[in-house]
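Read off the chains here:
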Amino acid sequence: MATGKINVSVENIFPLIKKFLYSDHEIFLRELVSNGTDATLKLKHLISIGEAKVEYGNPIIEVKVDKEGKKIHIIDQGLGMTADEVEKYINQVAFSGAEEFLDKYKDSAKDSGIIGHFGLGFYSAFMVAEKVEIITKSYKDEPAAHWTCDGSPEFTLEPADKTSRGTEIILHIAEDSLEFLEDSKISGLLNKYNKFMPIPIKFGTRTETLPKPEDAPEDYVNETVEIDNIINNPNPAWTKQPSELSDEDYKNFYRELYPMQFEEPLFHIHLNVDYPFNLTGILYFPKLGNDMQIQKDKIQLYQNQVYVTDNVEGIVPEFLTMLKGVIDSPDIPLNVSRSGLQADGAVKKISNYITRKVADKLKALFNENRADFEAKWNDIKIVLEYGMLSEEKFYEKAGAFVLYPTVDDKYFTLEELKEKLKENQTDKDGKLVVLYAGNKDAQHSYIEAAKEKGYEVLLLDSPIISHLIQKIENDNSGLTFVRVDSDHIDNLIKKEENTISKLSDDEKAALKTSLEAYIPKAYSVQLEAMDSQAAPFIITQPEFMRRMKEMSQTGGGGMFGMGNMPEMYNLVVNTNSDLASSILNTEDKTHQEHLVKQALDLAKLSQNLLKGEALTAFVKRSFEMIK
Ligand code: ADP
């Protein structure tokens with residue numbers, strides 16, 4: 001038996017390993033199963049190039065829990081190691097890897113921003129074990145080796161009698177890690193980290209009932225067999241070519257990823273690139289409402305089919321973190337913090353590639369079947385609108401597929417919309433006026449008034465729409481967006497014939513004085529000569545102020561500190577209405593005040609502004625009037 005001392009500069013590296021990444025002890029299993037997978041794939045490669053002259057067979061990796069003996073076994077049928085190789089790879093290479101890793105990260109041990117924690121490799125076993133054994137037999141014709149280490153830098157290395165090729169790692173689980181001896185814990189971890197690893201992983205067995213033979217006698221008792229319980233799918237959809245997969249395959253894979261999710265995805269995007277970086281994956285557009293928060297962290301990041309994390313922030317552009325699916329790339333550095341990741345050139349390229357692929361796919365879907373794309377619009381718009389705001393590259397491509405729906409479910413692209421507006425929606429300065437509503441019910445009367453005049457009214461109801469409108473206006477100087485209740489329609493859109501005022505200038509001045517006597521200061525009174533059928537009193541809220549307020553509420557950076565902006569309203573009074581004449585001609589001041597206040601309340605009511613005490617008083621007063 002050989003004993004020796006691992007070449008360590010830090011004597012106490014094991015306690016350090018244990019303490020390090022305290023919350024992530026569970027990754028030991030991923031690391032050890034990954035090593036088994038690597039060893040198996042290496043063997044396959046050596047056989048394929050004629051270097052190893054052995055049968056590959058159907059190798060699997062087995063994980064066994066021995067609760068009584070407080071041990072976990074990880075057994076592979078890979079290339080194995082000779083005693084010399086154990087000396088070299090475990091005592092020197094693996095150790096220096098672990099040491100280097102600790103050196104680099106011990107200061108940032110609490111920085112949970114380090115993703116993946118790869119690189120600790122074999123020695124992560126000591127995060128849960130007080131003693132580790134390796135029993136390994138190389139594919140080469142050499143005796144098996146048995147290495148034992150109890151966590152101190154001393155180890156023993158002796159011959160073993162293992163005859164089958166491969167490596168068995170035995171973890172003697174430490175007292176503070178006994179939870180890992182629970183079957184449910186281990187199967188949970190295998191399911192999380194190893195679900196799509198490329199070599200079959202066995203954990204326990206299950207019984208299966210054999211089919212009843214055709215000539216079975218009456219009293220036939222069903223025969224059962226014990227079969228290996230393989231917990232993973234070694235060939236997940238993303239590793240295949242898109243041409244090999246049907247729509248149904250993509251949907252099945254979605255179910256495999258999210259077994260608890262009953263809703264089907266709207267469509268998928270298969271990512272597949274090997275130059276200048278390597279990346280595969282499948283992204284799914286789930287049905288999204290107007291809520292941007294709850295859907296995050298559904299994309300899983302893998303490296304060579306090994307699960308790393310479900311926090312892809314910094315790798316996937318932020319607007320796409322609302323999607324679901326998988327990306328697999330060995331080219332993403334994992335031992336860096338999130339901020340380091342964002343500064344990494346390769347990662348930026350990956351992020352840009354994903355953005356471009358998503359835009360291309362959306363364009364293709366739009367071109368292939370516009371009706372279907374329109375039907376899905378409401379469920380995808382939040383991602384696209386957010387993308388236009390946050391990624392310039394995406395904004396540039398968005399014109400080809402982003403839609404602007406009307407309140408009547410017609411869908412325009414921006415170019416189509418401009419063509420349409422040229423017909424009869426321009427303002428005094430010749431700008432195209434995009435009328436829009438944020439809520440069909442709340443702005444119903446305004447929408448109807450606009451439609452009656454033959455105008456198109458869009459329905460733009462995302463929480464971030466005010467930001468997007470602002471951006472589009474800045475970018476398309478010929479466009480101006482106004483919500484239907486922002487101003488009176490006839491003020492917005494240039495009209496050939498101006499309605500003639502029934503009132504003289506003197507009468508108008510008198511009317512204004514009477515009105516201002518009774519109207520609260522928060523309203524600025526505007527007299528307009530309109531169609532006598534139009535509502536006599538209309539409340540509007542200037543577009544600019546309302547939009548700025550909305551933007552500051554939905555995180556516009558609060559650039560002007562407008563969180564507490566006062567509400568500002570206009571009261572537009574139609575001087576051609578009968579009510580305006582009545583107000584003007586009423587001698588009795590009490591009655592005049594009554595008329596003005598009742599009309600103002602009605603206007604407020606139609607804008608959903610009459611609440612609380614004022615509403616109660618209004619209802620009471622109205623009952624009095626019809627008594
Ligand atoms: P890494 O896998 O990143 O190289 P590890 O510390 O996990 O680092 O392992 C160090 C080395 O030990 C591996 O490169 C490999 O040569 C050897 N090794 C570890 N586990 C096995 C195994 N199950 N079978 C064969 N060789 C192994």
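Everything below is about the structure shown above.
The model shown is predicted, which means the values in this text are computed figures rather than measured ones.

A. Quick peek at the overall build of the chain. Across its full length, the chain holds 18 helices and 22 strands. Relative to its full complement of 627 residues, the chain shows a buried share of 49%. A sequence separation of at least 24 residues applies to 73% of the contacts in the chain between residues at least 6 apart. On the chain, roughly 30800 Å² of surface is accessible, and the fraction owed to carbon and sulfur atoms is 49%.

B. Representation of the environment of Glu 419 in the model. Along the chain, Glu 419 turns up in helix H10 (residues 414-424). Overall, Glu 419 belongs to the partly exposed group, its relative accessible area being 47%. Sequence spacing of Glu 419 and Leu 432 is 13 residues, and the spatial spacing of their C-alpha atoms is 9.6 Å.

C. Inspection of unusual backbone geometry at higher detail. With an omega of 0°, the peptide bond running from Tyr 275 to Pro 276 counts as cis. Counting through the fold element by element, Pro 276 comes out in the loop between strand S10 (267-273) and strand S11 (279-285). If you check the backbone angles, Asp 409 has positive phi at about 60° while not being a glycine. Tracing the sequence through the fold places Asp 409 in the loop between strand S15 (404-405) and strand S16 (411-412).

D. Expanded view of helix H5 (residues 247-257). If you check which residues of H5 are buried, you get Tyr 250, Phe 253, Tyr 254 and Leu 257. Projected onto a plane normal to the axis of H5, the buried residues spread over an arc of 105° and lie on a single side. Considering only its buried residues, H5 is in contact with S10, S11, strand S12 (299-303) and strand S14 (324-328).

E. Main features of the pairing of S14. By the criterion of burial, S14 is predominantly enclosed, with five of the five residues buried. Relative to S14, S11 is paired through five bridges, and the arrangement is antiparallel. Within S14, the position partnered with Ile 282 by the bridge is Val 326. Taken together, the four bridges between S12 and S14 define a ladder with parallel strand orientation.

F. Representation of H10 in the model. Looking at H10, one finds that the buried residues are Leu 414, Leu 417, Lys 418 and Leu 421. Angular distribution of buried residues about the axis of H10 spans 100°; they occupy a single face of the element. Projecting away from the buried face of H10 at angles above 90 degrees are the exposed residues Glu 415, Lys 422 and Glu 423. Of the surrounding secondary structure, the elements contacted by the buried residues of H10 are S15, S16, strand S17 (432-437), strand S18 (457-459), helix H12 (465-475) and strand S19 (479-483).

G. Molecular detail of the sheet that holds strand S1 (residues 2-5). Overall, mixed pairing links the nine strands, which are arranged S1-S6-S5-S4-S7-S3-S2-S8-S9 in an open sheet. Of all strands in the sheet, those with a lone pairing partner are S1 and strand S9 (224-230), marking the two edges. Averaged over all neighbouring strand pairs, the angle between strand axes comes to 25°, with direction disregarded. Where strand S4 (residues 129-137) meets strand S7 (residues 166-173), eight bridges bridge the pair, whose relative direction is antiparallel. When the sheet's bridge partners are listed, Lys 131 is paired in S7 with His 172. Taken strand by strand, helix H2 (residues 27-48) contacts strand S2 (61-66), strand S3 (71-76), S7 and strand S8 (201-209), and its axis lies near 20° from that of S3. In this fold helix H4 (residues 183-193) packs onto S2, S3 and S8, with an angle of close to 110° to the strand it touches most, S8.

H. Spotlight on the packing of aromatic side chains. Tallied over the full model, the rule gives 21 aromatic pairs. Measuring from centroid to centroid gives 5.8 Å for Phe 394 and Phe 401, while their planes differ by 55°, and the two rings are tilted. A single burial state applies to Phe 394 and to Phe 401, both of which are buried. An aromatic cluster of three or more residues is present, and its members are Tyr 193, Phe 196, Trp 238, Phe 253, Tyr 302 and Tyr 307. Of note, Lys 324 hangs over the ring of Tyr 258, and the distance from its end group to the ring centre comes to 5.0 Å. Above the plane of the ring of Tyr 395 lies Lys 471, whose end atom (NZ or CZ) is 4.4 Å from the centre.

I. Spatial organisation of the sheet that holds S12. Strand order in the open sheet formed by five strands is S10-S11-S14-S12-S13, with mixed pairing between adjacent strands. Both outer strands of the open sheet, S10 and strand S13 (306-309), are each paired with one neighbouring strand and no more. Taken pair by pair, the neighbouring strands of this sheet meet at an average axis angle of 20°, ignoring direction. As judged from the seven bridges shared by S10 and S11, these two strands associate in the antiparallel manner. Paired with Leu 271 across the bridge in S11 is Gly 281.

J. Local environment of the pairing of strand S21 (residues 537-540). Burial along S21 is two-sided: Phe 537 and Ile 539 facing one way and Ile 538 and Thr 540 facing the other are all buried. Bridge count between S21 and strand S22 (residues 569-574): four bridges; the pairing is antiparallel. What sits directly across from Ile 539, in S22, is Leu 571.

K. The arrangement of the nonpolar core in detail. Counting 65 residues, the largest nonpolar core has Phe 285, Ile 327, Ile 354, Leu 362, Val 383 and Leu 384 as its most contacted members. Viewed by domain, this core spans two of them, domain 2 (237-374) and domain 3 (403-498), each represented by three or more residues. Discounting residues that sit within four places of it in the chain, Val 383 has contacts with Phe 285, Leu 288, Phe 319, Leu 320, Met 322 and Leu 323. By size, the runner-up hydrophobic cluster in this structure holds 54 residues, among which are Leu 190, Phe 203, Leu 245 and Leu 257.

L. Structural detail: a negative patch on the surface. On the surface, a cluster of negative charge is made up of Asp 84, Glu 87, Asp 141 and Glu 142. Considering the arrangement of structural elements, one finds Asp 141 in the loop between S4 and strand S5 (144-149).

M. Fine view of the packing of helix H16 (residues 578-585) against helix H17 (residues 589-606). Running from N to C, H16 and H17 cross one another at 150°; their axes reach a closest spacing of 9 Å. In terms of orientation, H16 and H17 fall into the roughly antiparallel class. Viewed along their axes, H16 and H17 form a crossing whose handedness is left-handed. Contact residues: H16 offers Leu 579, Ser 582 and Ile 583, while H17 offers Gln 592, Leu 595, Val 596 and Ala 599.

Thresholds, definitions, all that
Residues numbered from 1 in each chain as written. Predicted model: local features only at pLDDT ≥ 70, side-chain atom pairs only at ≥ 80, totals over all residues. Heavy atoms only, no water. Helix = DSSP H or I, 4+ residues; strand = E, 2+ residues; numbered from the N terminus. Buried < 20%, exposed > 50% of the residue type's maximum accessible area, 1.4 Å probe, protein only. Contact = heavy atoms within 4.5 Å. Areas by Shrake-Rupley, 256 points an atom, 1.4 Å probe, with all protein chains shown as cover. Arc of directions from axis to C-beta. Pairing = 2+ DSSP bridges. Axes fitted to C-alpha atoms, helices over the stretch in contact; angles between N-to-C directions. Phe/Tyr/Trp six-rings, centres within 6.5 Å; stacked < 30°, edge-to-face > 60°. Lys NZ or Arg CZ within 6 Å of the ring centre and 35° of its normal. Core = buried A, V, L, I, M, F, W, Y, C linked by side-chain atoms within 4.5 Å. Domains from an automatic or database assignment. Patch = residues over 30% accessible without salt bridge, like charges linked within 9 Å, V, L, I, M, F, W, Y side chains within 5 Å. Salt bridge = Lys/Arg side-chain N within 4 Å of Asp/Glu carboxyl O. Lys, Arg positive; Asp, Glu negative; His and termini not counted. Charge placed at Lys NZ, Arg CZ, Asp CG, Glu CD. Parallel < 35°, antiparallel > 145°, perpendicular 65-115°, else oblique. Left-handed = near helix turned anticlockwise from the far one by under 90°.

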